[in-house]
Amino acid sequence: MKKKYYLFKATALLLFTCNFANSAVAYTKEKLTYYINQSGFQSVPTTDGDHVVATGWYKVNVTHYQASDTSSRGAESIFFVHGFGDTSALFEPTAIALIESQKARDVYAIDLPGHGASTWPALLIYENIDVNEYVNALAQVLTTMIDVEKRKISIISGHSIGGLVVQRLQNSLVNNNPKSSLKLSYGIDKTVLIACDLPAEVPFWSGQMYAQFLIATPPQGGGFLEDNPAGNPMIRKFIFTPPQDYVNLKFSNTSFQLVPSAPSASDVFNLGLNSREPYFAAANISGIDPALPPTPMTSASRLSVGKGIWAAPAKLTVLRPSEDTFFTQSDMDSLAAHLTGDAMAKAKTIVDPEAVHGIPFSKPQLLLPWF
């Protein structure tokens, strides 16, 4: 039996026209706002205008792009989950490209808790938001969209940490009693994971190095760990990459050179691409060592995902952009083998000089063949 969720939703609808070399495609863009329950709470919400006042509830934003001409048959409905320090804005170029190519009629992109336009539970310190709370938010949003609003989603795609969120949701469903899956619970036929984080069962040798770089002070690291900079006891530790650092980290190739399609720092700021990442969510993907500089910190273990949770005939594609500096081909191949339970399974490689980690924003056309 599915848990009952309560929904309060507000929408803002805008009409756009995309001008491409050979076509002009009109689409609508709306903000869907879902008020959902923090994991572990079962209270019934009440509202005061647009605000939920019951303990344990918070707001999650989903951006919805829809082709103005929805008559094309066979076009997909695709749901995206963003990654580390990102927001739903990362997928706007991909959403537009999918609609323009008539591969999708509807594209949805979530802001995970504490990112973009989404808030987080009032009683939960921001530092303590972890990947499991992301999974809780995603599950409630999908349940409401599909069971209550009667929307259809045919493909789900997770990028970076968003890929681990999707893995954990599938894992919880497959190990549920009775057994389920993204397909059985939500009607989602296909999963596409893009340059995504790895579960504890898959070695991630660069994870500790990357974590140390993020939190160590220069010159050993980027110095991106912040600890309660505004004196707010409900915030505490988080990792934040300023706009130019965000560009350098996510849009550089394996030679550590920015690609021509990289956004500018002002683009990142004006479009709201970057967001702070809660400390425990960051620790979930890297297993941050509490002994790392600058000060001793509480660690959080990497999260487990069962072997073979996308065993055939389930449809899974793992993608590795060839110029991604976060994950190697071996990382993504090992992930594909683990998730399918097939030792011979491999990730698909997007080979292009500009196939960097931030590919959903900078080169979305390279993703189109996989949807």
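If you're wondering where the values come from, they're calculated on a predicted model, not measured in any experiment. (Residues numbered from 1 in each chain as written. Predicted model: local features only at pLDDT ≥ 70, side-chain atom pairs only at ≥ 80, totals over all residues. Heavy atoms only, no water.)

## Things to note about the overall build of the protein chain
Then, number 1: When helices and strands are counted, the protein chain shows 10 helices and 14 strands.
Then, number 2: For the protein chain, the proportion of its 371 residues judged to be buried stands at 56%.
Then, number 3: In the structure as shown, the protein chain presents an accessible area of about 15,700 Å², 53% of it carried by carbon and sulfur atoms. (Helix = DSSP H or I, 4+ residues; strand = E, 2+ residues; numbered from the N terminus. Buried < 20%, exposed > 50% of the residue type's maximum accessible area, 1.4 Å probe, protein only. Areas by Shrake-Rupley, 256 points an atom, 1.4 Å probe, with all protein chains shown as cover.)

## Side note on the packing of aromatic side chains
Then, number 1: A full pass over the atoms with the stated rule returns 10 aromatic pairs.
Then, number 2: Judged by centre distance (6.2 Å) and plane angle (45°), the ring pair of Tyr27 and Tyr65 falls under tilted. Of this pair, Tyr27 sits in strand E2 (residues 24-37) while Tyr65 sits in strand E5 (residues 57-67); the two residues are 38 residues apart in sequence, bridging distant segments of the chain. Of the two residues, Tyr27 and Tyr65, both sit in the buried class.
Then, number 3: Relative to Tyr108, the ring of Phe79 lies with its centre 6.3 Å away and its plane at 25°, an arrangement referred to as stacked. (Phe/Tyr/Trp six-rings, centres within 6.5 Å; stacked < 30°, edge-to-face > 60°.)

## Re the side chain of Asp324
Then, number 1: Structurally, the position occupied by Asp324 is in the loop between strand E13 (315-321) and helix H9 (329-340).
Then, number 2: For Asp324, which is buried and forms no salt bridge, the nearest opposite charge comes from Arg320, at a distance of 4.9 Å.
Then, number 3: A distance of 3.0 Å separates a polar atom in the side chain of Asp324 from a polar atom in the side chain of His357. (Lys, Arg positive; Asp, Glu negative; His and termini not counted. Salt bridge = Lys/Arg side-chain N within 4 Å of Asp/Glu carboxyl O. Polar contact = N/O pair within 3.5 Å; in protein donor to acceptor, adjacent residues only side chain to side chain.)

## A closer look at the sheet that holds strand E10 (residues 225-227)
Hydrogen bonds along the backbone pair up the strands of a sheet, which may run parallel or antiparallel.
Then, number 1: Taken in spatial order, the three strands line up as E10-E11-E12 in an open sheet, and their pairing is antiparallel. Each end of this open sheet is capped by a strand with a single partner; those strands are E10 and strand E12 (277-278). (Pairing = 2+ DSSP bridges.)

## Observations regarding helix H8 (residues 279-286)
Then, number 1: Within H8, eight of the eight residues are buried, which leaves it mostly tucked inside the rest of the structure.
Then, number 2: Residues Tyr279, Phe280, Ala281, Ala282, Ala283, Asn284, Ile285 and Ser286 constitute the buried set of H8.

## A short note on the pairing of strand E9 (residues 190-194)
Then, number 1: Burial within E9 is extensive, with four of its five residues counted as buried.
Then, number 2: Two elements, strand E8 (residues 155-159) and E9, share five bridges in a ladder whose sense is parallel. Residue pairing for E9: Gly158 is matched across the bridge by Leu193.
Then, number 3: With five bridges joining them, E9 and E13 adopt parallel strand pairing. In the strand pairing of E13, Ile194 is matched with Leu319.

## Some words on the pattern of salt bridges
Then, number 1: Scanning the entire structure with this criterion turns up six salt bridges.
Then, number 2: Where Glu149 meets Arg151, a salt bridge forms, and the shortest distance between an N and an O atom there is 2.8 Å. The pair Glu149 / Arg151 is uniform in exposure class, with both members buried.
Then, number 3: Three or more residues joined by partner-sharing salt bridges are found here, namely Lys183, Asp189 and Lys315.

## A look at unusual backbone geometry
Then, number 1: The omega torsion of the bond from Asn177 to Pro178 falls at 5°, within 30 degrees of zero and hence cis.
Then, number 2: On the secondary structure map, Pro178 appears in the loop between helix H3 (161-174) and helix H4 (182-186).
Then, number 3: The residue after Ala312, namely Pro313, is reached through a cis peptide bond having omega 15°.
Then, number 4: Within the fold, Pro313 resides in the loop between H8 and E13.

## Comments concerning the pairing of E5
Then, number 1: Of all 11 residues that make up E5, nine are buried, and the element is covered over most of its length.
Then, number 2: As paired elements, E5 and strand E7 (residues 104-110) share five bridges and run antiparallel to each other. Opposite His64, over in E7, you have Tyr108 as the bridge partner.

## Some words on the environment of Glu201
Then, number 1: Within the fold, Glu201 resides in the loop between E9 and helix H5 (205-215).
Then, number 2: Since its relative accessible area comes to 38%, Glu201 is described here as partly exposed.
Then, number 3: Distance in space between the C-alpha atoms of Glu201 and Val305 is 7.1 Å, their sequence separation being 104 residues.
Then, number 4: If we skip the residues at most four places from it in the chain, Glu201 touches Leu303, Ser304, Val305 and His338. (Contact = heavy atoms within 4.5 Å.)

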